[in-house]
Amino acid sequence: MKAARGSLLGIEHLKAEEISGLLGLARKMNPRKARPLLRGKRVLLLFYEASTRTRSSFEVAAQSLGAATTLVLSSGSSIEKGESLLDTAYTLRAVGADLIVVRHPNAGAPALMAAHLDIPVINAGDGMHEHPSQALLDAYTILRHKKTLKNLQVAIIGDIYHSRVARSAIHLLSKFGAKIALCGPSEFLPEVAATLAPGLRITRTAEDAVHGADVVMVLRVQKERLAGEKISLENYMSRYQMTLPRLRLAKKDALLMHPGPIIRGLELTWEVADCSQSMIVEEVHNGVPVRMAILAKALGKAS
Ligand code: CP
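These numbers were taken from a predicted model, which means no experiment stands behind them.

A.B. asks: Requested: an account of the overall build of the protein chain, with residues and values cited.
C.D. replies: In terms of helices and strands, the protein chain carries eleven helices and nine strands. Computed over its C-alpha atoms, the radius of gyration of the protein chain comes to 19 Å, within 12% of the 19 Å expected for a compact globule of 303 residues. With the principal axes as the frame, the protein chain shows a C-alpha extent of 55 × 45 × 35 Å. Here the protein chain holds 303 residues, and the buried ones make up 53% of them. Partitioning the intrachain contacts of the protein chain with sequence separation of at least 6 by distance along the chain shows that 75% fall at a separation of at least 24. Charge-centre separation for the protein chain: the mean point of 39 positive side chains lies 8 Å from the mean point of 28 negative side chains.

A.B. asks: Outline the sheet that holds strand 8 (residues 215-218), listing residues and values.
C.D. replies: Strand order in the open sheet formed by five strands is 7-6-5-8-9, with parallel pairing between adjacent strands. Of all the strands in the sheet, just strand 7 (201-203) and strand 9 (255-257) have a single pairing partner and so form its edges. For this sheet the average axis-to-axis angle between neighbouring strands, irrespective of direction, equals 20 degrees. As paired elements, strand 8 and strand 9 share three bridges and run parallel to each other.

A.B. asks: So, the side chain of serine 77: which residues are in play, and what are the values?
C.D. replies: Secondary-structure assignment places serine 77 in the loop between strand 2 (68-73) and helix 3 (85-95). A relative accessible area of 15% places serine 77 in the buried class. Among the polar contacts made by the side chain of serine 77, one reaches the main-chain carbonyl oxygen of serine 74 at a distance of 3.1 Å.

A.B. asks: How would you sum up the pattern of salt bridges? Please name residues and give values.
C.D. replies: Counted according to the given criterion, the structure contains nine salt bridges. Residue arginine 144 pairs with glutamate 282 through a salt bridge whose shortest N-O separation is 3.7 Å. Taken together, the residues span a long stretch of sequence, with arginine 144 in helix 5 (residues 132-145) and glutamate 282 in helix 11 (residues 280-298) at a distance of 138 residues. Accessibility expressed as a relative area gives 54% for arginine 144, which makes it exposed.

A.B. asks: I'd love a proper account of the site of the ligand, names of residues and values included.
C.D. replies: Surveying the vicinity of the ligand reveals the residues Ser51, Thr52, Arg53, Thr54, Arg103, His131, Gln134, Pro259 and Gly260. Backbone polar atom of proline 259 to a nitrogen atom of the ligand: 2.9 Å apart, as the coordinates give it. A total of 260 Å² of accessible area belongs to the ligand in isolation, and the protein chains cover 92% of it. In the shell around the ligand, the residues fall into one nonpolar, six polar and two charged.

A.B. asks: Talk me through the environment of alanine 298; I want residue IDs and the actual numbers.
C.D. replies: Within the secondary structure, alanine 298 sits in helix 11. Judged by relative accessible area, which is 10%, alanine 298 ranks as buried. Put simply, alanine 298 and leucine 255 are 43 residues apart on the chain and 30 Å apart in space, counted from C-alpha to C-alpha. Excluding its chain neighbours within four sequence positions, the residues that come into contact with alanine 298 are Arg5, Gly6, Leu99, Pro120 and Ile122.

A.B. asks: I'd like a rundown of unusual backbone geometry, residues and numbers included.
C.D. replies: That bond from glycine 260 to proline 261 is cis: its omega, -5 degrees, falls within 30 degrees of zero. The residue asparagine 151 is not glycine, and still its phi comes out positive at about 65 degrees. By the element assignment, asparagine 151 lies in the loop between helix 5 and strand 5 (153-157).

A.B. asks: A description of the packing of aromatic side chains should follow, citing residues and the corresponding values.
C.D. replies: Across all of its chains, the model carries two aromatic pairs by this definition. Residues phenylalanine 188 and tyrosine 236 carry aromatic rings whose centres are separated by 5.6 Å and whose planes lie at 70 degrees to one another, so their mutual orientation is edge-to-face. Of the two residues, phenylalanine 188 sits in the loop between strand 6 (179-183) and strand 7 while tyrosine 236 sits in helix 8 (residues 233-240), which places them 48 residues apart along the sequence. Neither phenylalanine 188 nor tyrosine 236 differs from the other in exposure class; each is buried. With 5.4 Å between their ring centres and 35 degrees between their planes, tyrosine 236 and tyrosine 240 make a pair best called tilted. Of the two residues, tyrosine 236 and tyrosine 240 both sit in helix 8, four residues apart, roughly one turn of that helix. Given the relative accessible area of 3%, tyrosine 236 is considered buried. Overall, tyrosine 240 belongs to the buried group, its relative accessible area being 2%. In textbook terms, an aromatic cluster arises when at least three aromatic residues are bridged by ring pairs, as seen for Phe188, Tyr236 and Tyr240. Looking at arginine 264, its charged tip hangs above the ring of tryptophan 270, at a distance of 4.7 Å from the centre. Across the ring face of phenylalanine 58, the terminal group of arginine 291 is positioned such that the distance to the ring centre comes to 5.1 Å.

Quick notes on the rules
- Residues numbered from 1 in each chain as written.
- Predicted model: local features only at pLDDT ≥ 70, side-chain atom pairs only at ≥ 80, totals over all residues.
- Heavy atoms only, no water.
- Helix = DSSP H or I, 4+ residues; strand = E, 2+ residues; numbered from the N terminus.
- Rg over C-alpha atoms; globule rule 2.2 N^0.38 Å.
- Buried < 20%, exposed > 50% of the residue type's maximum accessible area, 1.4 Å probe, protein only.
- Contact = heavy atoms within 4.5 Å.
- Lys, Arg positive; Asp, Glu negative; His and termini not counted.
- Charge placed at Lys NZ, Arg CZ, Asp CG, Glu CD.
- Pairing = 2+ DSSP bridges.
- Axes fitted to C-alpha atoms, helices over the stretch in contact; angles between N-to-C directions.
- Polar contact = N/O pair within 3.5 Å; in protein donor to acceptor, adjacent residues only side chain to side chain.
- Salt bridge = Lys/Arg side-chain N within 4 Å of Asp/Glu carboxyl O.
- Near = heavy atom within 4 Å.
- Areas by Shrake-Rupley, 256 points an atom, 1.4 Å probe, with all protein chains shown as cover.
- Nonpolar A, V, L, I, M, F, W, Y, C, P; charged D, E, K, R; others polar.
- Phe/Tyr/Trp six-rings, centres within 6.5 Å; stacked < 30°, edge-to-face > 60°.
- Lys NZ or Arg CZ within 6 Å of the ring centre and 35° of its normal.

Pasting the structure below:
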């Protein structure tokens, strides 16, 4: 499917140079001292699913660059009356949108919009498919602490099957030569996940995944996507919850990452969430410059 120029729909089809370019641009972005590169532009934020981090940081990013922003949520909009995705997109374009940031529960919804619009569409998370801005901000965060992604040992633990964050992270980290171990019970990590990228290792114990890791990325159990699947949370926590003893199996200077929202006491303990290795707050902080770079690039104002 052809996509409107400037769209960011996923990491899978980006070249490593394009990713490096966005990360380099993000390093030059300072939300408190930004040039108004997007003055006169209108950024529409269209969210069909709940969000705190992605929504607020795209809004802060756009406004920091001088753009006007408008938020449309499925709740309280004509989406509730049955307006289709494409009719909603055409409506927002007619209102004067220069770019649409969209989060949707269905994989492929942003790509469908981008195929029918003449303005860039940015995927802010589509179902179980991709969350490209999260992968970019995570790579940005890692590279503030580690010299390179090449040969970095990354453990991704938890509900990988339902996670668009994991999918985008796997695509990005693989392109740069990271060594990735995926870990979770079979309900959350089917063997087929190993085919997402070359060289992925499937592990079934948190201890095995974390041992010697440079980065430990913990994922939330996505109860909203379980759709009737039965899972014992007690059993899950006893085997996969990130605890301090488990984290200590990683390298001393390992980074503890989580895309958020975190559920303390479920996928990680309170102590782990707040430990000195935790990047959870820094990831959110870095989301703003990274999203500034994404918006500036999409609207052709990156130079
Ligand atoms: N990481 C992330 O996408 O968080 P939100 O759902 O709060 O946007």
